[in-house]
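# Examining the three-dimensional arrangement
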Amino acid sequence: MATLTHPAAAQRSATPAADPAVTFAAAAVAVVAAAALLAGWFPIGFSIAIVFLFAGPHNWLEARYFMTRMPARWGRLRWFFTLGIGGVVGLAATMIAIPSIAAALGDGRETWLVLLAAWNSALVLWAAALASIRRRQNPRRAWPWLWPMAFALVAAAWLWPVGWSIGLVYLHPLLALVFLDGALGRRRPELRPAYRACLVAVPAALVLLALRLGPAADLPGTDLLTAQITRHAGGGVVPHVSTHFLVAAHTFLEMLHYAIWCVALPLLAVGGRPWRLAGVPLARRSAAWRRGLTAVLVTGSLVVVAFWAGFLIDYPLTRSLYFTLALVHVLAEVPFLLREA
C-alpha cells in the first residue's frame, strides 16, 4: 500500500543538513565581527560592560577547565607541575609587591622600571624552563629555538620594560584561541580546519579598527574609570597611536577571550556540567580531593558574586583589584598551554 507523505515533510526530508563546519565558522566570524563593531563604536562602554558581566565567571570557568586538564597522578610530570605552581605563586606575589618594594628602595620610576624588567625576565625564564621540561618528554617538541628566543625576550624586557608589559596585555587574550584549538582537536576534530581558517578574521578586524580609529582623536573624558581603561590598554605608552584604537583593540580581544572561556569551551564539554566533578581526574583520586575541589568551586562562585557586588558599589576600585588578582589566572595559563603543546 502506498504511503502518503505531506509535501512539506517530504521537502524537509529532502533538504540536506547544514554542514557543522560551515555553521561553526559562520558563528565564529559573526562573533568576531560583532565584537569588533561594538568595541569600535563604544570602546569605553563596551569595556565596562564585558568586564562586569564576564570577568568573574570566566575565571571560574577557566579554573574548572584546568581541573579537568590536570592528571590525578603527576608521575613524570611531577617536576613540571611543581615548577608551574611554584612559579605562579611566586611571580604573582612578587608583582603585587613591586610597588611596595620600589617605594622602600626609593629613586621612584627608575627603581620601578628595573624591578619590572627583572620580573618580566623571571617570567620568560620560568616559561622557558617549563618548556624545556616538556620538550624532553616527546621528540616532537624539539624546539631548538627555545633558549635563543627566551634570551632575546629577556633582552627586550630590559630595553623596553613598559612596552614589553603592554605587549603581554594584548598577547594574553589570544591564548584563549590556542586553548580552543586544542579542545577542538580532542573533541571535535572535524571542526578544527574550519576554525583555523576563520582565525584570519581576527587580524582582519584589528586592521579595520586600525584604519578607522588609528588616526582618530584620543578618547574624551578625564574621569577615573576612563583613565584607568585607557592606561590599561597602553595609553601614554604606545606613541603616535590614538587611545580610541588602543582601547577598542584591547576590548575586542578581551571579548573574544571571554566568549571562548564562557561559551565555546563549556559547549565543547559534550553535555558536561561545569559544577559537576565527574570528569575531573583529581576528584577521582580520593574523597578528600573531591571535597577540596568542591570547596574551590564554591569559594570561586562566592568570589564571582562578590566582584559583581563590588562593580556595582565602586567599579574603578573593583576593576583595579580584579586585574591585580587576575594575574594568577594569567600565569596559570602558561603551564597548561605548554602541557597541551
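What you see as residue numbers is a count from 1 along each chain, following the sequence as written. With pLDDT at 70 or above as the cut-off, local features in this predicted model cover only qualifying residues; side-chain atom pairs require 80 or more to be listed or tallied, and sums for whole chains, interfaces and linings still use all residues. Side-chain numbers come from the whole structure's heavy atoms, not from hydrogens or water.

### Some points on the packing of helix α7 (residues 161–187) against helix α14 (residues 327–340)
So the rule is basically this: Axis geometry follows a simple rule: fit a line to the C-alpha atoms, using only the stretch in contact for helices, then measure angles between N-to-C directions, giving values from 0 to 180 degrees. To qualify as a helix, a DSSP run of H or I must reach at least 4 residues; to qualify as a strand, a run of E must reach at least 2; elements of each kind are numbered from the N terminus. Crossings are assigned a handedness: left-handed for a near helix turned anticlockwise from the far helix by less than a right angle, right-handed for a clockwise turn. Working rule for contacts: check all heavy atoms of both residues, and any pair within 4.5 Å makes them a contact. Basically, the charged four are Asp, Glu, Lys and Arg, the nonpolar ten are Ala, Val, Leu, Ile, Met, Phe, Trp, Tyr, Cys and Pro, and anything else, Gly included, counts as polar.
Interhelical geometry of α7 versus α14 gives an angle of 35° and a closest axis separation of 11 Å. Of the two elements, α7 crosses α14, and the hand of that crossing is left-handed. The residues of α14 that touch α7, namely those facing H172, L175, V178, F179 and R186, are H329, V330, E333, F336, L337 and E340. For the contact of α7 with α14, a count of residues per class yields six nonpolar, two polar and three charged.

### A few points about the state of the cysteines
Stated formally: For the purposes of this analysis, a disulfide is any pair of cysteine sulfur atoms at a distance within 2.5 Å. Only protein chains enter the accessibility calculation, which uses a 1.4 Å probe; a residue whose area is less than 20% of its type maximum is buried, one above 50% is exposed, and one in between is partly exposed.
Inspection of every chain in the model, using the stated rule, returns zero disulfides. For the unlinked cysteine C198, the closest cysteine sulfur is that of C262, found at 19 Å. Classification of C262 as buried rests on a relative accessible area of 18%.

### Considering the packing of helix α3 (residues 43–69) against helix α10 (residues 224–232)
Operational definition: In what follows, roughly perpendicular refers to angles from 65 to 115 degrees, roughly parallel to angles under 35, roughly antiparallel to angles over 145, and oblique to any angle outside these ranges.
Between α3 and α10, the least distance of the axes is 11 Å, while the angle of their chain directions is 85°. Comparing the axis directions of α3 and α10 gives the class roughly perpendicular. The residues of α10 that touch α3, namely those facing I44, S47 and I48, are L225, T226 and I229. Along the lines of polarity and charge, the residues of the contact of α3 with α10 split into four nonpolar, two polar and no charged.

### A few points about helix α4 (residues 78–105)
To keep things clear, this is the line we draw: Here a helix's expected span is defined as the number of its residues, less one, multiplied by 1.5 Å. Bend is computed residue by residue as the angle between axes fitted to the seven residues ending at the residue and the seven residues starting at it.
Here α4 is 28 residues long and its end C-alpha atoms lie 37 Å apart, about the 40 Å a rise of 1.5 Å per residue gives. Of all the bends in α4, the largest measures some 45° and sits at I98, one to four residues before the proline P99. Looking at α4, one finds that the buried residues are F80, F81, G84, G87, V88, L91, A92, I98 and A102. Lining the buried residues of α4 we find α5 (108–135) and α14. Of the residues trailing α4, G106 is marked for its positive phi of about 80°.

### Topic: the pattern of salt bridges
For clarity, the threshold we go by: Note on definitions: salt bridges are taken to be side-chain nitrogens of Lys or Arg within 4 Å of carboxyl oxygens of Asp or Glu.
Applying the stated criterion across every chain, the model contains three salt bridges. A salt bridge links D181 to R196; its shortest N-O distance comes to 2.8 Å. Taken together, the residues span a long stretch of sequence, with D181 in helix α7 and R196 in helix α8 (residues 192–198) at a distance of 15 residues. A cluster of three or more residues bridged by salt bridges with shared partners is formed by D181, R192 and R196.

### Quick notes on the environment of A155
On the secondary structure map, A155 appears in helix α6 (residues 146–159). With 34 residues separating them in the primary sequence, A155 and S121 have C-alpha atoms 8.2 Å apart.

### Focus on the nonpolar core
Heads up, the rule is: We define a nonpolar core as any set of buried Ala, Val, Leu, Ile, Met, Phe, Trp, Tyr and Cys residues linked to one another through side-chain atoms lying within 4.5 Å.
With 57 residues, the main nonpolar core has W126, L265 and L331 as its most contacted residues. If you tally residues by element for this core, the top one is α5, at eight residues. Discounting chain neighbours no more than four positions away, the residues touching L331 are V88, L91, A92, W119, L123 and W126. If you look at the next biggest cluster of nonpolar residues, it comprises 37 residues, including I44, V247, L256 and Y258.

### A look at the confidence of the model for the protein chain
The test is simple: Every residue gets a pLDDT, meaning the predictor's confidence in that residue, from 0 to 100.
Confidence in the prediction of the protein chain, expressed as mean pLDDT, is 88, and 92% of residues score 70 or more. Throughout residues 1–6 the model reports pLDDT below 50, and contacts reaching past four residues in sequence, or to other chains, amount to one contact. Note on residues 8–15: pLDDT is under 50 here. Beyond four places in sequence and across chains, it has one contact.

### Observations regarding the environment of V330
When you line up the elements, V330 lands in helix α14. Given the relative accessible area of 25%, V330 is considered partly exposed.

### What about a nonpolar patch on the surface?
Condition: Two joining distances apply to patches: 9 Å for like charges and 5 Å for nonpolar side chains (Val, Leu, Ile, Met, Phe, Trp, Tyr), and every residue must have over 30% relative accessible area and no salt bridge. Reported accessibility uses the Shrake-Rupley method at a 1.4 Å probe radius. Residues are deemed covered only where the shown protein chains occlude them.
A grouping of L37, L38, W41 and F42 is seen on the molecular surface, where their side chains present a nonpolar patch of about 460 Å² in accessible area. Within the element layout of this structure, L38 appears in helix α2 (residues 20–41). L38 sits in the partly exposed class, given a relative accessible area of 36%.

### What about the side chain of N59?
Rules: Think of a polar contact as two N or O atoms within 3.5 Å of one another; within protein, one of them needs to be a possible hydrogen donor and the other a possible acceptor, and neighboring residues in sequence only count if both atoms come from side chains.
Mapping N59 onto the fold places it in helix α3. On the accessibility criterion, N59 (19% relative accessible area) is buried. Side chain to side chain, N59 and H329 meet in a polar contact 2.9 Å long.

### Some remarks on the packing of aromatic side chains
Defined as follows: Geometry of aromatic contacts follows a simple scheme: Phe, Tyr and Trp rings, the Trp one being its six-membered ring, pair when their centres are within 6.5 Å, and the pair is stacked under 30 degrees between planes, edge-to-face over 60, tilted otherwise.
Applying the stated criterion across every chain yields a total of 19 aromatic pairs. A centroid spacing of 6.0 Å and a plane angle of 65° characterise the contact between Y65 and F66, whose relative ring orientation is edge-to-face. Exposure remark for F66: the relative accessible area of 8% places this residue in the buried category. With centroids separated by 5.3 Å and ring planes inclined at 35°, the aromatic side chains of W74 and F81 adopt a geometry described as tilted. With relative accessibility at 25%, the residue W74 sits in the partly exposed group.

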